[in-house]
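If you want the building blocks of each chain, they are given just below.
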Amino acid sequence: MSEKVKRKFDITKYTGLLSSLIAIVGGLLVAFFVLMITNPSKGPIAFWTLITGGFGMGGIKNLGSLFYFATPILCTGIAMCVAFQAGIFNIGGPGQYSVGALAAILTALYVSKDLPGPLAWIVPLIVSTLAGAAWALIPGILKAFFNVNVVIGTIMFNYIEMYYMMHWINNYCYDAMKGQTRAVPGSTKLPQWFMPSITSNKAADIGIIIAIIFAVLAWVLMEKTELGYELKACGKNAEASRYAGIKSKRNIMISILLSGALCGLGGGLTHLSVSGTYITMKEALAAEGFNGIAVACLANNSPLGAIFGALFLAFLTVGGNYMQIFGFQREIVSVITSVIIYFAAFSLLLKTYIEKLLNRQKKEINKVTGEELK
Amino acid sequence: MENTENIIEFRHITKRFPGIIACNDISLDIRKGEIHALLGENGAGKSTLMSVLFGMYTPEEGTISIRGQEVKITNPRVATELGIGMVHQHFKLVQNYTVLQNIVLGSETVKGPFLDMDVCRKKVVELSQKYGLAIDPDALIENITVGQQQRCEILKMLYREAEILIFDEPTAVLTPQEIDELMEIMKGLAKEGHTILFISHKLEEIKRVSDRVTILRRGKLIQTLNAADTTTTQMGELMVGRSVNFHVEKGPAHPGEVALDVQHLTMINSETKKRVVNDVSFQVRKGEILAIAGIDGNGQSELIYGLTGLMPIDEGTIRINGEDYTRKSIRDRNLVMSHIPEDRHKFGLVLDYPLSYNLALKNYFKPGFVSKIGFLNFGKFDSYADELINKFDIRSGQGKITMARSMSGGNQQKAIVAREIDQGCDVLVAVQPTRGLDVGAIEFIHKQLVEQRDNGKAVLLMSFELDEVMDVADRIIVMFEGEIMGTLDPKQVTVEEVGLYMAGVKREEKK
Ligand SMILES: Nc1ncnc2c1ncn2[C@@H]1O[C@H](COP(=O)(O)OP(=O)(O)OP(=O)(O)O)[C@@H](O)[C@H]1O
Ligand SMILES: [Mg+2]
């Protein structure tokens, strides 16, 4: 009996995907609405540019930018997937990401630039990963051993990072002429391999490949290993996990450190990129950190889904960069992203609603194939 | 009985879930003012049928008429408007609200923009007096007993002027005394013109309180009988499809060496400073079943949590097979002592994991289930799950890939029991192992417990059901207010005598 069910395509299994799609469509509709009320005459063309990711105007070259924007939010996105699945609401992404970025820049400038071959960029990447993890360490300890709410702990560390960072930049890597961090030496930038040729973009590098590899690794970890089984069990039912003898403190630490490390890696990859990214001296939290939450929501907390979530949001970002041509602010993309986050947050609600709708439709189908289930 | 009007008419109700037909073409009439019991094996579709009536599921086929009118009950709100109320097996109360707040929540009386709590309170007090539902309206839910929480749920329905009352296994969580009280309450409600639909696995209860009983088997309606004209034996046979032996068959015990040795165990509640477990000492030998009897709330639950490491203990020692386990981790204890927990949703299952993952909850880290470098062996997960599903007859829509959440209550319980018994540990701690199981499954689980004993395991059974304790145990210890009142031999004492110990009236002389 169950065999038969397995073979049949059961759409109710894909409600997670459907709710993500609805979140996306909802976000885009709001974007269209905003564009139309700001400037009705340019609205449609701007919207078209947005949803074609600017590929209509920039052509294949945009692929390079797409990957560039996708890399950091993919890393923070997987970071959030891992944490959320383990039941840890890490919203310290911005802090962990920026600390990783700064660690990569400083290591590149002072330590690794003369190291032989690939070590010049691998070492700063490793340091950025460790730095991201380190930034998650204290909120993790607070949660595991003193039961301090993770949200509060991690937010606090976002702000500590924001102010402390300025001090570090000012003293060690400030380029006063440009008002931003100094450029990292060429030897420490990520290699490019075949990326420029497949994207016809001279500045494309392997950042996205590394990020995708980590997404796959994170998926394997969560779905195929003993540790993943434990982390998810803790996230779904902490008491039952304790009953099963799973060490919850240890798992809280592991998941938040992993999450921080992935955020840090994102900062590293972005700031060692060939096209060059710099930290400016402004009092703001890194948006890449928060966008990871949107990516995770779109992906239903699956690291593999995060690849698509990140590419999609990056796609909109690339399109958003053309908005100025039509007299719009590029911040319109932030509006859409936020709307998508809201919609995605409602995805649970959407899920149950879709399930109901589908059930109603199934009734019709069942009338025809009524006997089959017996 | 004849010529009474029907208040509910189910016609050809069919409700399917992936892989299973939970209700298969069910037609049933419920008469106004009757107490109608639903009986059936675990997974027979009782809860599903009631959920359909309460608007939580929409059936694929069939119609429902209420008071002669065909209605579409699309959600619980519609059901409430039709005068239908439901007490779920797992209560839906807000823990840190008072009884009164919980009752009026969602249908408050307002005076202008403000809540008019006085009017609400008056109505609640009136209702509770009228139906003998004694309860303190200002007590917090988290501080009252399960029985009182249930009264709160009943008042919630009555407050919304429900005429048709659905109870899903209301007695599974109650002590025998509370059950007696509930039976009286139900009879009173029926006398006042309410219609009651009532699910239970306890056949005597059904015979005692209900007018008619409908038996379901694997989604199909088998028969509706007058409760007065039937016997528990007949009901048992009709639901399971074979004759059921209500009495546990077992030979004499052959106790061997001590497996579990508890000395001077004391646990103090950190808030009230009360000694909830007070200087408790006992031993369980290999090859015997020791039962802990007592009225709920006398420290038995805490004692078990202390033993299994889920709660810290303040004084005393725990030894297993001679080794000191007082300070060992839960994982270490799990390797020598398995535990069927009292609260299956809180501890026993990860509801959003599939059945196969849940069956491996105590094994996933052992060789065979996981490779040396930490990769799970899903082939082993699957074969192990299939083995337990077959052996323990765990029924669900899609077998091992079914989410635990979507399984029927009794089958969830069977999954836990299967996993824990199969651990093969020297000590088996079974707390209310048959709660929510049908008579056939109970018979099977009791057999398994005896078999474990005969295989030289030490079994510690905790149950609020005196019949179970008397039937299964080789020795009984009775707890009252955190202390052991005496050690009894079930062959030597009567149920009444055990009751006196449980009530704290009688106490064994200290040696
Ligand atoms: N939400 C759901 N999704 C999928 N299957 C379900 C769902 N609810 C119930 N089922 C399946 O429908 C069948 C009937 O379940 P139901 O809960 O009605 O049983 P029951 O008669 O109440 O049993 P029990 O005595 O164990 O409580 C079971 O096999 C169960 O696995
Ligand atoms: Mg049920």
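Since we're looking at a predicted model, the values are computed, not measured. (Residues numbered from 1 in each chain as written. Chains lettered and ligands numbered in written order. Predicted model: local features only at pLDDT ≥ 70, side-chain atom pairs only at ≥ 80, totals over all residues. Heavy atoms only, no water.)

Caption draft 1: The packing of aromatic side chains, seen in detail. Throughout the structure, instances matching the rule amount to 20 aromatic pairs over all chains. Plain terms: the ring middles of Phe369 of chain B and Phe381 of chain B are 5.9 Å apart, the flat faces sit at 70° to each other, and that makes the pair edge-to-face. With Phe369 of chain B in the loop between helix H12 (355–359) and helix H13 (378–392) and Phe381 of chain B in helix H13, this residue pair connects regions lying twelve residues apart in the sequence. For the pair formed by Phe369 of chain B and Phe381 of chain B, the shared burial category is buried. The structure contains a cluster of three or more aromatic residues connected by ring pairs, namely Tyr229 of chain A together with Tyr353, Tyr357, Tyr364, Phe365, Phe369, Phe378, Phe381 and Tyr384 of chain B. Here the guanidinium or amino end of Lys123 of chain B rests over the ring plane of Tyr159 of chain B, the centre of that ring lying 4.4 Å away. The residue whose ring lies beneath Lys328 of chain B is Tyr325 of chain B, and the NZ or CZ to ring-centre distance is 4.7 Å. (Phe/Tyr/Trp six-rings, centres within 6.5 Å; stacked < 30°, edge-to-face > 60°. Helix = DSSP H or I, 4+ residues; strand = E, 2+ residues; numbered from the N terminus. Buried < 20%, exposed > 50% of the residue type's maximum accessible area, 1.4 Å probe, protein only. Lys NZ or Arg CZ within 6 Å of the ring centre and 35° of its normal.)

Caption draft 2: Inspection of the interface of chain A and chain B at higher detail. Taken together, the contact between chain A and chain B spans 27 residues of the former and 37 residues of the latter. Taking both partners together, chain A and chain B bury about 3,200 Å²; carbon and sulfur atoms supply 60% of that area. Together, Glu226, Tyr229 and Tyr243 of chain A form the three largest contributors to the area buried by chain A at its contact with chain B, with a combined 27%. On inspection of chain A and its partner chain B, the count reaches zero salt bridges. Run the count over chain A and chain B and you get 18 residue pairs in polar contact (both at pLDDT 80 or more). Of all the secondary structure elements, the ones that give two or more residues to the side of chain A that touches chain B are helix H1 (2–7), helix H10 (207–224), helix H11 (226–236), helix H12 (238–243) and helix H17 (347–369) of chain A. Examining the composition of the side of chain A that touches chain B, we find that seven residues originate from one element, H11 of chain A, more than from any other. Residues belonging to the side of chain A that touches chain B are distributed by class as follows: ten nonpolar, six polar and eleven charged. (Contact = heavy atoms within 4.5 Å. Buried area = accessible area lost by both parts, 1.4 Å probe. Salt bridge = Lys/Arg side-chain N within 4 Å of Asp/Glu carboxyl O. Polar contact = N/O pair within 3.5 Å; in protein donor to acceptor, adjacent residues only side chain to side chain. Nonpolar A, V, L, I, M, F, W, Y, C, P; charged D, E, K, R; others polar.)

Caption draft 3: Main features of the pattern of salt bridges. All chains considered together, the criterion is met by 33 salt bridges over all chains. For Glu223 of chain A, the salt bridge goes to Lys232 of chain A, with nearest N and O atoms at 3.3 Å. The partner of Arg242 of chain B in a salt bridge is Glu443 of chain B, with the nearest N and O atoms 3.1 Å apart. Here Arg242 of chain B is found in the loop between helix H8 (232–240) and strand S13 (258–268), whereas its partner Glu443 of chain B is found in helix H15 (residues 439–454), with 201 residues between them in sequence. When salt bridges that share partners are traced, they join Lys250, Arg453, Asp454 and Asp474 of chain B into one network.

Caption draft 4: Expanded view of the sheet that holds strand S17 (residues 323–324) of chain B. All names here are of chain B. The four strands are arranged S14-S13-S16-S17 in an open sheet whose pairing can be described as antiparallel. Each end of this open sheet is capped by a strand with a single partner; those strands are strand S14 (275–285) and S17. Sheet topology note: the S13/S14 ladder contains seven bridges and is antiparallel. Counterpart to Leu260 in the pairing with S14 is Val284. (Pairing = 2+ DSSP bridges.)

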